[in-house]
Amino acid sequence: MNIHQYLTFGDTMLLQEEMDGEFLPDDGTENEVINLYPHMGYQTLEGFGGAFTDAAGSVFAKMSKEQQDELIRKYFSPEQMNYQMVRIPVDSCDFSTHMYAADDMEEDEGFEHFSFQDVEQYILPLLDRAEAYCKRKLPIMLSPWSPPAYMKTNLNRKEGGALRKKYHSRWARYLCRYMKEYTDRGYHIQRLSIQNEPKAVQPWDSCVYSAGEERDFIRDFLVPEMEKNNLSHIELFIWDHNKERAFERACEVMSDKTEELVAGVAFHWYSGDHFDALSLIHEKYPDKKLILSESCLEFSKFGKEDQSVNAGRLAHDMIGNLNHGMSGFYDWNVLLDEKGGPNHTGNYCDAPFLYYEETKKLEERFVLRYYWHFTHFIQPGAVRIAATCYTSFLDVTAWKNPDHSIAVIILNRSGSDLPYVLRISGKLVKYTAKASSIITAVIKE
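Residue positions are given per chain, counting from 1 as you read along its sequence in written order. Local features in this predicted model are restricted to residues whose pLDDT is 70 or higher, and side-chain atom pairs enter the listing and the counts only when it is 80 or higher, whereas totals over whole chains, interfaces and linings include all residues. Just so you know, side-chain values use all the structure's heavy atoms and leave hydrogens and water out.

Draft legend 1. The pairing of strand 21 (residues 437–444), seen in detail. Remark: exposure states derive from per-residue accessible area (1.4 Å probe, protein chains only) relative to the maximum for the residue type, with buried under 20%, exposed over 50%, and partly exposed in between. Secondary structure is summarised from DSSP: a helix means a run of H or I of at least four residues, a strand means a run of E of at least two, and numbering begins at the N terminus for each. Among the eight residues in strand 21, seven count as buried, and that is most of the element. Strands were regarded as paired on the criterion that DSSP finds at least two bridges between them. Sheet topology note: the strand 1 (residues 2–9)/strand 21 ladder contains eight bridges and is antiparallel. Note that in strand 21 the partner of Ile 3 across the bridge is Ile 443. Relative to strand 21, strand 18 (residues 406–412) runs antiparallel, the two being bridged by seven bridges. In the sheet register, Asn 412 faces strand 21, and the bridge partner there is Ser 437.

Draft legend 2. Main features of a negative patch on the surface. Candidates for patches are residues over 30% relative accessible area with no salt bridge; among them, like charges are joined within 9 Å and nonpolar side chains (Val, Leu, Ile, Met, Phe, Trp, Tyr) within 5 Å. Areas reported as accessible are Shrake-Rupley estimates using a 1.4 Å probe. Residue values count occlusion only from the protein chains shown. Between Lys or Arg on one side and Asp or Glu on the other, a salt bridge is scored when a side-chain nitrogen of the former is within 4 Å of a carboxyl oxygen of the latter. For the purpose of charge, His is not counted, nor are the chain termini; Lys and Arg are scored as positive and Asp and Glu as negative. Every charge is mapped onto a representative atom, which is NZ of Lys, CZ of Arg, CG of Asp or CD of Glu. A cluster of acidic residues, Asp 104, Glu 106, Glu 107 and Glu 109, forms a negative patch on the protein surface. Within the secondary structure layout, Glu 106 lies in the loop between strand 6 (85–90) and helix 3 (117–134).

Draft legend 3. Looking closely at the pattern of salt bridges. A complete count under the given rule lists 28 salt bridges for this structure. Close ionic contact of Lys 137 with Glu 131 constitutes a salt bridge, the shortest N to O distance being 3.3 Å. The class for Glu 131 is buried, based on a relative accessible area of 7%. Among the ionic pairs, Arg 245 bridges to Glu 244, the shortest N-O distance being 2.9 Å. Residue class for Glu 244 comes out partly exposed when judged on its relative accessible area of 23%. Residues joined by salt bridges that share partners form a network here, namely Glu 46, Arg 191, Glu 235 and Lys 289.

Draft legend 4. Just the nonpolar core, in detail. Nine residue types can take part in a nonpolar core, namely buried Ala, Val, Leu, Ile, Met, Phe, Trp, Tyr and Cys, and a core is a set of them joined through side-chain atoms within 4.5 Å. Core analysis: the largest hydrophobic core is formed by 119 residues, its most contacted members being Phe 76, Leu 142, Tyr 178, Tyr 182, Leu 335, Phe 374 and Ile 378. In what follows, residue pairs with any heavy atoms lying within 4.5 Å of each other are defined as contacts. Setting aside chain neighbours within four positions, we find Ile 378 in contact with Leu 45, Phe 48, Leu 322, Trp 399, Asn 401, Ala 407 and Ile 409. Listed in part, the 23 residues of the second largest apolar core include Leu 36, Ile 410, Leu 418 and Tyr 431.

Draft legend 5. Region of interest: the side chain of Ser 293. Within the secondary structure, Ser 293 is located in strand 11 (residues 289–294). The exposure class assigned to Ser 293 is buried, which follows from its relative accessible area of 0%. A polar contact of 2.4 Å, which involves the side chain of Ser 293, links it to the side chain of Asp 240. When sequence neighbours within four positions are dropped, the list of residues in contact with Ser 293 reads Arg 87, Met 141, Asp 240, Ala 266, Phe 267, His 268 and Tyr 330. The term polar contact refers here to a pair of N or O atoms within 3.5 Å; inside protein, the definition further demands a hydrogen-donor-capable atom paired with an acceptor-capable atom, and it admits residues adjacent in sequence only when both atoms are side-chain atoms.

Structural data, given as structure tokens:
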């Protein structure tokens, strides 16, 4: 076996080093060991991706063609990030230039005035450029933030509210109309989540569902409407919210004949680790997919300049999710402006790329390089393998790729260099993880 390692570290600037190594026979070392067990396999990875929001598309439209090409190439080239899929909001979300709906006319029961003009302005041009580069259709996950205002108890896209019972059937028809519009234009809708963050009353587009309401809407309205429209192949995901209540939500929704209708549970990172919640879901529902559908750093909580620390936070979450059953990952906005917007309610966040309109600068943020360690080296179709580590100061995940290489990601968020001994199949190699660093070791037979 041979090994090649890639190292990223640095508090004020981004550095990358590559290191070759040679495995030696196991000499009985007991301390500082990271064990790898390729014969123990777990979930299979679908791939990684990001969100094409109205905000991201509007910033993309302001960039030069050369900068646009650079961004698309960085995300979708197999030699770079190797993104495989995208998430797109149904109608507007907080990361939109304005609030909009494809049809917000209460009297238009047949959706005769349904219009994709807002989607056509910024989202479709970005999607088209990505698909033209990839020379294939990208699988899309759609997620609604709010039904049209007239369908809600508060008559407002914002500030929560719930779907009025009299509009359950019409909202199901609306979602199918939305999916059909994409499909009829030649796009590939792979999955739909029922509602983004159904527990959150937000000052932006939001809607609250109880577990029972989500369950009944799927079973009694959405699935029958999808069957009528030949959309039954599209996967349905529940929850689409933080992990701390994901397990009980899954148990409550996937009951009373709805379990067979649900493909999986989508989750976010914003309420902390709660990795064991994913293990509980997998233990109770082993055939259901676990997809992280949104992850980013809000500037209201995390400093814009703390790039290395923030990137480490997201990488820690990535490893924990992967080690507890996650099979797919969507980052939030693929691109934002220098403020972390546009956002129609000022909910500014970080993104892997920020564009400075005044200076015409496209900034690559640290998190992009940290995510590269996962998205570039863990290939679609990879199977997670077992790993044990000697210390909680190192986060480790290991994957066997379809080409039989093994990718091991090691994150050291501590302020000290930490030694480690990679041990596999009776052989080992010794290294040191620099303080505040992330490493990918690629092992080949």
